[in-house]
Amino acid sequence: MGAGIFLKRYETMGHELTGRERTRRAIRVNTLLASREELEEKLSARGVKLTPIPWLRDGFHAEGGESSVGASFEYLLGLYAIQEAAAQFPIEVLAPTAGEVVLDMCAAPGGKTAQAAAWMGNKGAIVAVDVKRDRLYALENNLERLGVENCVAYCADATSLDYGSELFDKILLDAPCSGNFVTDREWFTKRDIGDVEKNSLVQRRLLGTALGLLKPGGTLVYTTCSLEPEEDELNVQWLLENHDVKLSQVDGPGSPALMEVLGRGLSPEVAKCRRFWPDETGTQGFFVAKVVKP
Amino acid sequence: MRELKDFLASIGAVYEPGGMRMNLNDRRFAVGADVAAHIRDRGRMVYAGKLLGRTRGEFIPSAGLLRELGRMQGPNKVWVDERVGWLFACGRDVFGESITKSEGELEEGACFLVMMGDDCLGYGRVETRGGKMLLKNLFDLGDFLRRERGLEE
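None of these values were measured; they are calculated from a predicted model.

J.: Please explain the overall build of chain B as it appears in this structure.
T.: Along chain B, the regular secondary structure elements total five helices and 11 strands. By the compact-globule yardstick of 15 Å for 153 residues, chain B fits well, its C-alpha radius of gyration being 16 Å. Here chain B holds 153 residues, and the buried ones make up 50% of them. In chain B, the share of contacts with a sequence separation of at least 24, taken over all contacts with a separation of at least 6, comes to 49%. As presented, chain B carries roughly 7500 Å² of accessible surface, and 46% of it is formed by carbon and sulfur atoms. Placing the 24 positive and 24 negative side-chain charges of chain B at their respective mean positions leaves the two points 5 Å apart.

So this is what it looks like as structure tokens:
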């Protein structure tokens, strides 16, 4: 389909993107095993300059250094995770705490699962689910390397997840999506609008399942790394029209979500969600909604 | 978990993991009460709590177990500098002359944790090759990179 149709869409949403936007290398201090100060000191000694990302608790941009940040002693020892800046934001919004029971519905490769464990200080429980066994190997490696001890992981289809009578305090639904061109140079040649529409239907099934598994008063954070409104604002609008939920304000970088997309006006509530445009945030494209079940 | 006991004995460590023991294929876990209370479907479970290690012929300790043992007094340990530490993390053996300090008897067949400062990088077994003592690499943290490479291919 090519870049044109997508870039034109983004232009109608107010963003003249080039298709060549890239993200900066970012890491997350694994507070289960290291403090920010300790990691800064160790990586600084290797010539890596860490710059705090102001809207993240544990995130840094990493520049310089003789060797790759993916192949250092500190990496092998689990003192940090390589995690793109926008991808660190959903857990900041979910803000899981020690003792809570959290469901991570599409968890592999486990970067956000491990981040949640760090926020929880390895206390409480995380139930992590992913349907793809091959991707779960990466999750297992991450849990081991990063010292996560409060997680049970399953290979299961989250669209039909049955967890008995158990309900969760908090749920992260980082839904499978079309992705975006910032982190995938071949993206424009791989994607078309048909993919976007198909993903949107799966995402709605996941959202419905998630709400059924959430405690009354519980919080669901829905995120995608897609810039396509079918997977973002239109899914949240669908949620408001079909389920008894409320949205909470998501503050942070980027812009409020769109209230008019593809010629359709949406509920003003939708603007409480957050949209990361690569030209604004210097990150990949991202969307975050915080949903509360009354 | 006989394999775990044998491994601990081989490095001279006394250690009792807390929580419920659980086996998943060749992996051994210790699962705390908070997590155990939320296990529902063991058939589909792929990971739970703290990974202690894997049994592949002999017990291969997890990174988490090595981390704990490295902090303890008692287990056999050798220390190496950063250059040798990196070679070890790349799968190489440690020659006797590269060991800067040791705790425990460096006798044939004994196992030692390989330390760089306060950090445990893996472990190995004392062997003699060509009349020279070396620590044969049995597991090192570079395994994470090798696994990641395997997943990408």
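J.: I tried to follow the overall build of chain A on my own but got confused; where do I start?
T.: Across its full length, chain A carries 10 helices and 15 strands. Compactness check: chain A gives a C-alpha radius of gyration of 19 Å against a globular reference of 19 Å for 294 residues, within 12% of the reference. In terms of overall dimensions, chain A has a C-alpha envelope of 55 × 50 × 35 Å along the principal axes. Looking at the 294 residues of chain A, the share that counts as buried comes to 60%. Within chain A, contacts between residues separated by at least 24 positions form 74% of all contacts whose residues are at least 6 apart in sequence.

J.: Explain the interface of chain A and chain B here, please?
T.: Many authors give the size of an interface as the accessible area that is lost as the parts come together. Between chain A and chain B, the contact holds 37 residues from the first and 35 residues from the second. Here chain A packs against chain B, burying approximately 3000 Å² in sum over the two surfaces, 60% of which is carbon and sulfur. Sorting the residues of chain A by area buried against chain B places Phe73, Leu76 and Glu144 of chain A first, and these three jointly supply 25% of that buried surface. When the shortest N-O distance is used, the salt bridge between Arg27 of chain B and Glu140 of chain A registers 2.8 Å. Connecting chain A to chain B are 19 residue pairs in polar contact (both at pLDDT 80 or more). Where the side of chain A that touches chain B is concerned, the elements lending two or more residues are helix H3 (73–76), strand E6 (125–130), helix H6 (133–145) and strand E7 (151–155) of chain A. In terms of residue count, H6 of chain A provides more of the side of chain A that touches chain B than any other element does, 10 residues in total. Along the lines of polarity and charge, the residues of the side of chain A that touches chain B split into 21 nonpolar, six polar and 10 charged.

J.: Could you clarify how one ought to interpret the environment of Arg46 of chain A in this entry?
T.: Residues and elements named next belong to chain A. With respect to the secondary-structure elements, Arg46 resides in the loop between helix H2 (36–45) and strand E2 (48–52). Of the residues examined, Arg46 reaches a relative accessible area of 24% and is grouped as partly exposed. Side-chain polar atoms of Arg46 contact the side chain of Glu74, separated by 2.8 Å.

J.: Explain the pairing of strand E15 (residues 286–292) of chain A to me, please; I cannot follow it from the model alone.
T.: Residues and elements named next belong to chain A. Counted residue by residue, E15 has five buried out of seven residues, so it is predominantly covered. Strand direction decides the pairing type here: strand E9 (residues 214–224) and E15, joined by six bridges, are antiparallel. From the neighbouring strand, Tyr222 faces E15, where its bridge partner is Ala289. The pairing of strand E10 (residues 246–248) with E15 spans three bridges and is antiparallel. Paired with Ser248 across the two strands is Lys290, which belongs to E15.

J.: Is there a simple way to explain H6 of chain A in this structure?
T.: Residues and elements named next belong to chain A. Here H6 is 13 residues long and its end C-alpha atoms lie 19 Å apart, about the 18 Å a rise of 1.5 Å per residue gives. Of the positions making up H6, those classed as buried are Leu136, Leu139, Glu140, Asn141, Asn142, Leu143, Glu144 and Arg145. With its phi angle positive at about 70 degrees, Gly147 sits one or two positions after the end of H6.

J.: What's the story with the sheet that holds strand E1 (residues 20–24) of chain B in this structure? I'm lost.
T.: Adjacent strands of a sheet form backbone hydrogen bonds with each other and so pair up, either parallel or antiparallel. Residue and element names in this part refer to chain B. Strand order in the open sheet made by the four strands is E1-E2-E4-E5, with antiparallel pairing throughout. The open sheet terminates on both sides in strands that have one partner only, identified here as E1 and strand E5 (58–61). Strand after strand, the sheet turns through a mean of 25 degrees between neighbouring axes, direction not considered.

J.: How do you make sense of unusual backbone geometry when you look at a structure like this?
T.: Comment: phi is negative for the bulk of residues other than glycine, and the bulk of peptide bonds are trans. Between Ala108 of chain A and the following residue, Pro109 of chain A, the backbone shows a cis peptide bond with an omega angle of 10 degrees. If you trace the backbone, Pro109 of chain A turns up in the loop between strand E5 (101–104) and helix H5 (111–119). Unusually for a residue other than glycine, Ala95 of chain A sits at a positive phi of about 45 degrees. Here the phi dihedral of Asn25 of chain B falls at roughly 50 degrees; this positive angle occurs in a residue that is not glycine. Tracing the backbone shows Asn25 of chain B in the loop between E1 and strand E2 (27–31).

J.: What is the right way to read the domain arrangement of chain B from this model?
T.: Residue and element names in this part refer to chain B. For chain B, the assigned domains are domain 1 (2–68) and domain 2 (76–152). Across the boundary between the two partners, domain 1 contributes 11 residues, which contact 14 residues of domain 2. Counting each side, the surface lost to burial between domain 1 and domain 2 is near 960 Å², with a carbon and sulfur contribution of 62%. The tally of links from domain 1 across to domain 2 stands at one salt bridge. Between Glu58 and Arg125 there is a salt bridge whose closest N-O contact spans 3.1 Å.

J.: Help me out: how do you make sense of the packing of aromatic side chains in this one?
T.: To describe a pair of aromatic rings, you give the distance between the ring centres and the angle between the ring planes. Scanning the entire structure with this criterion turns up 17 aromatic pairs over all chains. Relative to Phe89 of chain A, the ring of Trp55 of chain A lies with its centre 6.0 Å away and its plane at 75 degrees, an arrangement referred to as edge-to-face. Of this pair, Trp55 of chain A sits in the loop between E2 and strand E3 (59–64) while Phe89 of chain A is found in helix H4 (residues 85–94), placing the two residues 34 residues apart along the sequence. Between Trp55 of chain A and Phe276 of chain A, the aromatic rings sit 5.6 Å apart at their centres with planes inclined by 75 degrees, giving edge-to-face as the arrangement. On the criterion of sequence distance, the pair formed by Trp55 of chain A in the loop between E2 and E3 and Phe276 of chain A in strand E14 (residues 274–276) is long-range, its members being 221 residues apart. The exposure class assigned to Phe276 of chain A is buried, which follows from its relative accessible area of 0%. Following the ring pairs from residue to residue traces out a cluster consisting of Phe6, Tyr10, Phe181, Trp187, Phe188 and Trp277 of chain A. Against the face of Tyr75 of chain A rests Arg145 of chain A, its NZ or CZ located 3.8 Å from the ring centre. Against the face of Trp79 of chain B rests Lys101 of chain B, its NZ or CZ located 4.2 Å from the ring centre.

Quick notes on the rules
- Residues numbered from 1 in each chain as written.
- Chains lettered and ligands numbered in written order.
- Predicted model: local features only at pLDDT ≥ 70, side-chain atom pairs only at ≥ 80, totals over all residues.
- Heavy atoms only, no water.
- Helix = DSSP H or I, 4+ residues; strand = E, 2+ residues; numbered from the N terminus.
- Rg over C-alpha atoms; globule rule 2.2 N^0.38 Å.
- Buried < 20%, exposed > 50% of the residue type's maximum accessible area, 1.4 Å probe, protein only.
- Contact = heavy atoms within 4.5 Å.
- Areas by Shrake-Rupley, 256 points an atom, 1.4 Å probe, with all protein chains shown as cover.
- Lys, Arg positive; Asp, Glu negative; His and termini not counted.
- Charge placed at Lys NZ, Arg CZ, Asp CG, Glu CD.
- Buried area = accessible area lost by both parts, 1.4 Å probe.
- Salt bridge = Lys/Arg side-chain N within 4 Å of Asp/Glu carboxyl O.
- Polar contact = N/O pair within 3.5 Å; in protein donor to acceptor, adjacent residues only side chain to side chain.
- Nonpolar A, V, L, I, M, F, W, Y, C, P; charged D, E, K, R; others polar.
- Pairing = 2+ DSSP bridges.
- Expected span 1.5 Å × (residues − 1).
- Axes fitted to C-alpha atoms, helices over the stretch in contact; angles between N-to-C directions.
- Domains from an automatic or database assignment.
- Phe/Tyr/Trp six-rings, centres within 6.5 Å; stacked < 30°, edge-to-face > 60°.
- Lys NZ or Arg CZ within 6 Å of the ring centre and 35° of its normal.

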